[in-house]
Amino acid sequence: MSATPQTLSPPAATPQAAVRVVVMGVAGCGKSAVGRLVAGQLGLPLIEGDDFHPPGNIAKMQQGIALADEDRAGWLRQLGAELARHPQGVVLTCSALKAAYRNSLRSAAPGLQFVHLAISPAESLRRVGQRAGHFYPPSLVASQFEALQDPSAEPGVLTLAGDAPLESLAQSAVDWLAGAGRPR
């Protein structure tokens, strides 16, 4: 993948100036690291989506069992509630792999933006294999790519090559959220 950021669709119109954004992508794409940087640069709270998985979901993943839509439904509702609790702005890290998942989050936070960190299956597998102490095993990486529905044609989505330096990814996201990525 090229390290050049690419905007594939403009941000959705928002009635308020507050920024609510989801940093999304498959396991190992850098959601947490980029989310922390974006939240820091924008002075917004960060919601780490993984922190809201119920114990049953974590146990399944630890056993190498991919989550089904039913497993994610309550988790997504809780993340939506967290987004709604922050109308002044927030950064959420969440895989948001399917369009239905993203639409669930959008319904809770109108005007919600998404920054998709796109990486290859090989890079995801490499990164997940290097993480120490995380509940998500490398054996589930393929299931992430099977579930991923490319969000780049949806409104309010910025897709970036996730193999770029973290600081560059965060700056590209912040610039886009500020309007720099919008066509004139």
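Whatever comes next refers back to the structure up there.
What you see is a predicted model, and the numbers here were worked out from it, not measured in a lab. (Residues numbered from 1 in each chain as written. Predicted model: local features only at pLDDT ≥ 70, side-chain atom pairs only at ≥ 80, totals over all residues. Heavy atoms only, no water.)

## Overview of the pattern of salt bridges
Here is step 1 of the chain: By the definition in use, this model includes 7 salt bridges.
Here is step 2 of the chain: A salt bridge links Lys 60 to Asp 71; the nearest nitrogen and oxygen atoms lie 2.8 Å apart. With Lys 60 in helix α2 (residues 55–62) and Asp 71 in helix α3 (residues 69–84), this residue pair connects regions lying 11 residues apart in the sequence.
Here is step 3 of the chain: The partly exposed category is assigned to Lys 60, whose relative accessible area is 26%.
Here is step 4 of the chain: Glu 82 is paired through a salt bridge with Arg 85; the nearest N and O atoms lie 3.1 Å apart.
Here is step 5 of the chain: Take Glu 82: its relative accessible area is 15%, and that puts it in the buried class. (Salt bridge = Lys/Arg side-chain N within 4 Å of Asp/Glu carboxyl O. Helix = DSSP H or I, 4+ residues; strand = E, 2+ residues; numbered from the N terminus. Buried < 20%, exposed > 50% of the residue type's maximum accessible area, 1.4 Å probe, protein only.)

## So, helix α1 (residues 31–42)
Here is step 1 of the chain: End to end, α1 covers 16 Å across 12 residues, agreeing with the expected 16 Å (1.5 Å per residue, within 8%).
Here is step 2 of the chain: Of all the residues in α1, the buried ones are Lys 31, Val 34, Gly 35, Val 38 and Ala 39. Down the axis of α1, the sector holding all buried residues measures 135 degrees, keeping them to one side.
Here is step 3 of the chain: Following α1 by one or two positions, Gly 43 adopts a phi angle in the positive range, close to 65 degrees. (Expected span 1.5 Å × (residues − 1). Arc of directions from axis to C-beta.)

## As for α3
Here is step 1 of the chain: When the terminal C-alpha atoms of α3 are compared, their 22 Å separation across 16 residues agrees well with the 22 Å that a helix rising 1.5 Å per residue should span.
Here is step 2 of the chain: Here α3 has its buried residues at Asp 71, Arg 72, Trp 75, Leu 76, Leu 79, Gly 80, Glu 82 and Leu 83.
Here is step 3 of the chain: Looking at the buried positions of α3, the neighbouring elements they touch are β1 (20–24), β2 (46–48), α2, β3 (90–93), α4 (99–108) and α6 (141–147). (Contact = heavy atoms within 4.5 Å.)

## Thoughts on the nonpolar core
Here is step 1 of the chain: Val 34, Val 38, Val 91, Val 115 and Leu 117 are the most contacted members of the largest nonpolar core, which totals 24 residues.
Here is step 2 of the chain: If you list the elements that add at least two residues to this core, you get β1, α1, β4 (113–118), β5 (157–161) and α7 (166–177).
Here is step 3 of the chain: The leading source of residues in this core is α7, at 6 residues.
Here is step 4 of the chain: Look past the residues within four positions of Leu 117 in its chain and what remains in contact with it is Val 23, Met 24, Gly 25, Cys 29, Gly 30, Lys 31, Val 34, Leu 160, Gly 162 and Leu 169.
Here is step 5 of the chain: Met 24, Leu 92, Cys 94 and Tyr 101 belong to the second-largest nonpolar core, a separate cluster that totals 17 residues. (Core = buried A, V, L, I, M, F, W, Y, C linked by side-chain atoms within 4.5 Å.)

## Brief notes about the packing of α1 against α7
Here is step 1 of the chain: Interaxial distance between α1 and α7 falls to 9 Å at its minimum, and their mutual angle equals 50 degrees. Taken as axis vectors, α1 and α7 run oblique relative to one another. Helix-helix and strand crossings are classified by hand; for α1 and α7 the assignment is right-handed. In contact with Ala 33, Val 34, Leu 37, Val 38, Gln 41 and Leu 42 of α1, α7 contributes Leu 166, Glu 167, Leu 169, Ala 170, Gln 171, Ala 173, Val 174 and Leu 177.
Here is step 2 of the chain: Residue classes in the contact of α1 with α7 are distributed as 11 nonpolar, 2 polar and 1 charged. (Axes fitted to C-alpha atoms, helices over the stretch in contact; angles between N-to-C directions. Parallel < 35°, antiparallel > 145°, perpendicular 65-115°, else oblique. Left-handed = near helix turned anticlockwise from the far one by under 90°. Nonpolar A, V, L, I, M, F, W, Y, C, P; charged D, E, K, R; others polar.)

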